2 protein chains.
Amino acid sequence: MNYLLSETAQNSKVSAVREILKLTQGSSVISFAGGLPAEEFFPIEALDAAFERVFEQGKKSLQYGLTEGYTPLREQISVRMSKKGIHADPSDMLLTTGSQQAIDLLARVYLEPGDVVLVENPTYLAALQVFHYYRVQVVSIRSDRFGMDLDDLSRKIDEYNPKMVYVTPTFSNPTGKVWSKERRKGLLEIGHDRNVLILEDDPYGELQFRDDVSYPTIFSMDQHPNGAVLYTSTFSKTVVPALRTGWVVGDPTIIQAMTRAKQAADLHSSSLDQQALYQLMTHFDLDAHIQEIRSQYRQRMELMSQLLHRQPWTDIRWNEPEGGMFLWMELPSDWNAETLLQHAVKEGVAFVPGTEFYVGTPQSNTLRLNFTHTSPENMAIGMERLARAVNSFHLAHV
Amino acid sequence: MNYLLSETAQNSKVSAVREILKLTQGSSVISFAGGLPAEEFFPIEALDAAFERVFEQGKKSLQYGLTEGYTPLREQISVRMSKKGIHADPSDMLLTTGSQQAIDLLARVYLEPGDVVLVENPTYLAALQVFHYYRVQVVSIRSDRFGMDLDDLSRKIDEYNPKMVYVTPTFSNPTGKVWSKERRKGLLEIGHDRNVLILEDDPYGELQFRDDVSYPTIFSMDQHPNGAVLYTSTFSKTVVPALRTGWVVGDPTIIQAMTRAKQAADLHSSSLDQQALYQLMTHFDLDAHIQEIRSQYRQRMELMSQLLHRQPWTDIRWNEPEGGMFLWMELPSDWNAETLLQHAVKEGVAFVPGTEFYVGTPQSNTLRLNFTHTSPENMAIGMERLARAVNSFHLAHV
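Parameters at a glance
Residues numbered from 1 in each chain as written. Chains lettered and ligands numbered in written order. Predicted model: local features only at pLDDT ≥ 70, side-chain atom pairs only at ≥ 80, totals over all residues. Heavy atoms only, no water. Domains from an automatic or database assignment. Contact = heavy atoms within 4.5 Å. Buried area = accessible area lost by both parts, 1.4 Å probe. Salt bridge = Lys/Arg side-chain N within 4 Å of Asp/Glu carboxyl O. Polar contact = N/O pair within 3.5 Å; in protein donor to acceptor, adjacent residues only side chain to side chain. Helix = DSSP H or I, 4+ residues; strand = E, 2+ residues; numbered from the N terminus. Nonpolar A, V, L, I, M, F, W, Y, C, P; charged D, E, K, R; others polar. UniProt positions renumbered as here; feature names shortened; annotations may be inferred. Pairing = 2+ DSSP bridges. Axes fitted to C-alpha atoms, helices over the stretch in contact; angles between N-to-C directions. Parallel < 35°, antiparallel > 145°, perpendicular 65-115°, else oblique. Left-handed = near helix turned anticlockwise from the far one by under 90°. Expected span 1.5 Å × (residues − 1). Buried < 20%, exposed > 50% of the residue type's maximum accessible area, 1.4 Å probe, protein only. Arc of directions from axis to C-beta.

A. Structural view of the domain arrangement of chain A. All names here are of chain A. Segmenting chain A into domains produces domain 1 (7-42 + 288-397) and domain 2 (46-283). Computed over C-alpha atoms only, the centres of domain 1 and domain 2 are separated by 26 Å. Contacts between domain 1 and domain 2 engage 30 residues on the former and 35 residues on the latter. Overall, the association of domain 1 and domain 2 removes approximately 2900 Å² of surface from exposure, summing both partners, and the carbon and sulfur fraction of that is 61%. Per-residue buried area on domain 1 facing domain 2 is highest for R294, E322 and V359; these three make up 24% of the total on that side. Summed over the shared surface of domain 1 and domain 2, the number is one salt bridge. Across the pair E322 and R210 runs a salt bridge, and its minimum N-O distance is 3.6 Å. Counting the contacts that link domain 1 with domain 2 gives ten residue pairs in polar contact (both at pLDDT 80 or more). Elements represented by at least two residues in the side of domain 1 that touches domain 2 include exactly α1 (7-10), α12 (286-309) and β12 (326-330). By residue class, the composition of the side of domain 1 that touches domain 2 is 15 nonpolar, eight polar and seven charged.

B. Molecular detail of the UniProt feature "domain: Aminotransferase class I/classII large" (unreviewed entry) in chain A. Taking the UniProt record as the reference, the feature "domain: Aminotransferase class I/classII large" (unreviewed entry) is found at residues 44-386 of chain A. Secondary structure within residues 44-386 of chain A divides into 44% helix and 15% strand; the distance between the first and last C-alpha atoms comes to 33 Å.

C. Quick peek at the interface of chain B and chain A. Each side of the interface is counted separately: chain B has 82 residues, and chain A has 82 residues. Buried surface at the junction of chain B and chain A, summed over both partners, amounts to about 7000 Å²; 55% is from carbon and sulfur atoms. Considering only the side of chain B, the residues that lose the most area to chain A are M1(B), Y3(B) and Y64(B), jointly responsible for 12% of the buried surface there. There are six salt bridges connecting chain B and chain A. Linking R135(B) and E112(A) is a salt bridge whose minimum nitrogen-to-oxygen distance equals 2.8 Å. Our count for the contact surface shared by chain B and chain A stands at 42 residue pairs in polar contact (both at pLDDT 80 or more). Going through the elements one at a time, α1 (7-10), α3 (44-56), α5 (98-110), α6 (125-133), α8 (181-194), α10 (252-266) and α11 (271-283) of chain B are the ones with two or more residues in the side of chain B that touches chain A. Ranked by residue count, the leading element in the side of chain B that touches chain A is α10(B), at nine residues. Among the residues making up the side of chain B that touches chain A, the classes are represented as 37 nonpolar, 25 polar and 20 charged.

D. Local environment of the sheet that holds strand β14 (residues 352-353) of chain A. Residue and element names in this part refer to chain A. Overall, antiparallel pairing links the four strands, which are arranged β11-β12-β15-β14 in an open sheet. Of all strands in the sheet, those with a lone pairing partner are β11 (317-318) and β14, marking the two edges. Bridging between β11 and β12 involves two bridges; their strand directions are antiparallel. Directly across from W318, in β12, lies its bridge partner M329.

E. Structural context of the packing of helix α12 (residues 286-309) of chain B against helix α14 (residues 376-397) of chain B. Residue and element names in this part refer to chain B. Running from N to C, α12 and α14 point in directions that differ by 30°, and their axes come no closer than 10 Å. As far as their axial angle goes, α14 and α12 are roughly parallel. Once α12 is placed against α14, the crossing between them reads as right-handed. Residue-level contacts link R300, L303, M304, L307 and L308 of α12 to P376, M379, A380, M383 and L386 of α14. The residue makeup of the contact of α12 with α14, split by class, is nine nonpolar, no polar and one charged.

F. Highlighting helix α14 (residues 376-397) of chain A. Residue and element names in this part refer to chain A. Helix length check: α14, at 22 residues, gives a terminal C-alpha distance of 31 Å against a target of 32 Å (1.5 Å per residue), a fit within 8%. For α14, the complete set of buried residues consists of M379, G382, M383, R385, L386, A387, A389, V390 and F393. Summarising the contacts, the buried residues of α14 are in contact with β1 (30-31), α12, α13 (337-347), β13 (349-350) and β15 (366-370).

G. Representation of helix α7 (residues 150-160) of chain A in the model. Residue and element names in this part refer to chain A. Along α7, the residues classified as buried are D152, L153, K156 and I157. The buried residues of α7 all sit within an arc of 140° when viewed along its axis, so they share a single face. Along α7, the residues that are exposed and aim more than 90 degrees away from the buried face are D151, D158 and E159. Looking at the buried side of α7, the elements it contacts are β3 (116-119), β4 (137-140), β6 (147-148), β7 (164-167) and α8 (181-194). Its side-chain oxygen at 2.9 Å from the backbone nitrogen of D151, D149 defines the N-terminal cap of α7. Looking one or two residues beyond α7, the residue adopting positive phi is N161, at roughly 50°.

H. View of the pairing of strand β8 (residues 197-201) of chain B. All names here are of chain B. A large share of β8 lies buried, amounting to five of its five residues. Pairing between strand β7 (residues 164-167) and β8: four bridges, direction parallel. Considered in β8, the bridge of V165 is made with I198. Here four bridges tie β8 to strand β9 (residues 229-234), and the two strands are oriented parallel to one another. Its bridge partner lying in β9, E200 is registered against Y231.

So this is what it looks like as structure tokens:
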């Protein structure tokens, strides 16, 4: 047999960076590369009890479920979101295998090959992978620390007639950035005026470090009866990733089309996991748990930043994000983070070079550091190793 | 906002039959429509214990997992399949959200819009739905009770230059048919000679009623080093559906491409469920369990056939399948099973009209009856109601 893969499959190569990072798995390398939550805070006992409760419900709970997902969980999510000002009816909600699947299903029902999607730059790598499979043209919008440049957005809408804008306005992956309210409002108005759907991807929104500010979702700011925003989030960062349970809410027409598409894609996601999450939300103080994670993650972010400040670097910059899981670093403009990674892995530390996250020409002097998954002890060791890698890189290349 | 769905999403309408069947859910209607396994045989205690064992492994088991799936489960499946003559390396295996997702991912990496896929007629409805989303042209091959007509297959390969043949050779959905060894061998040879991939969908293969025959999978008959067959199966019918865990094995190039596609589609399926299935397979006698289900399902199939034989019908025919979950009925050629369904629902019983499963012009005098999900007591009541529906249909339309 001589298999000819589809064009998009042929063009989806494994990146060199991933291959390097794969080598670090299971080794003694301290990795700031993965986007992993901290295992030590996983609510394992509450989850164990939640599964027990599902099994107590009897055998019916093990049968096929609805494609749209376990109804009581959709109702629970709806109630929980409404406390945060995000109002969505459970019938306008689809449960997915992580929010990743929401991006995929939306692309399937809403985008034709050749359609244009606008994104921030850099942006979430796995969203770009989805758009690639659907043969969608991705165009990047200029951004600053407050979000997309709205003038550039308007210009690109004129130029490309896009069908969708994809954004992660709160603690983005990879930059940890949070959009200002003005930019959120501006994007929303433009979406309505120009009939461009906004996909608001919000996996990190609950991981905020400051109590004195709020970051309203663009979805919640949308007062129109016929909304311009589709909103997706997940339990992967607030409960655990292994259950792969996310949700998406928005316009009923789109949600229903996505539900039909999901029926063909995988019939439904694990309904046992959905039932367990329902039991967890009913019998466990999820908000208190999230408060605890926020506090721990903030401490880790601050520790990482302090450790970096101890270095004698004058030309390396990084942000101190207000939430999420990532710190974004800029090296001097003529440094290449992929080359630095090779030095880093030799020293026993890893990160993701920023090149992975760009559309078009990447800013190759950038890198992403995850601060949630590494214990404070290992973080200190890892940052020393990173400093040695910077020195070794400097000797070799600068 | 004025949303314009993609062309395939616009054309994926909910069928009228499904709407009728939806009305029967949760009502007193006895339904032979769904393709549901019998809940009373679900190994709930063993599964409960399996989840306990996973939780005992600690918090690491709740972290993100590999896209290809939990390695020990892939190894277990590999060992179990090899006992049945199906040899596949765990590294050439991808775990999916049900075998449904295997069909979807294969279509994504292997088929271009406009490519031709050959199928039996009637065939599995949800496979047709997948092909619809990928804009694939589906062409049906003439079949008899032994499988596809190999002459017609060769002719259609000449005519359409297809990339793939999709088959469910063992206890198919909807007809319950099992292919002869000769036809399996013939299909395999043609696949190799003409460079056409065979997707062997085998969700029901383990549900066989006779101990004195074997039905070798086409995958296991393939002796070529570079195989022509991709094989997929699932735990949905042998353990429980709620975990949505299936697998697909075959050519490494295709499996790797599907794994990359799955990374974009949903990153991975529930790794907690995969770990629980591994624990179940390690500590539970799955083969003995399947032996029990086989026996129970055979009894139900025989009971259904006996109950049907009690009717005075001379012009209604059905098969007695050697396994699986479905019995296929042919009404007199001028009867319409969709119209009969309306009478049936009035009498409090439901089935799926055969029209749903056809490519092109359907044989509208056919219908599918599930015999696994209804208890013997309800089956007797349900068959009486079906008999009343046939009478009422006859009075009204014949």
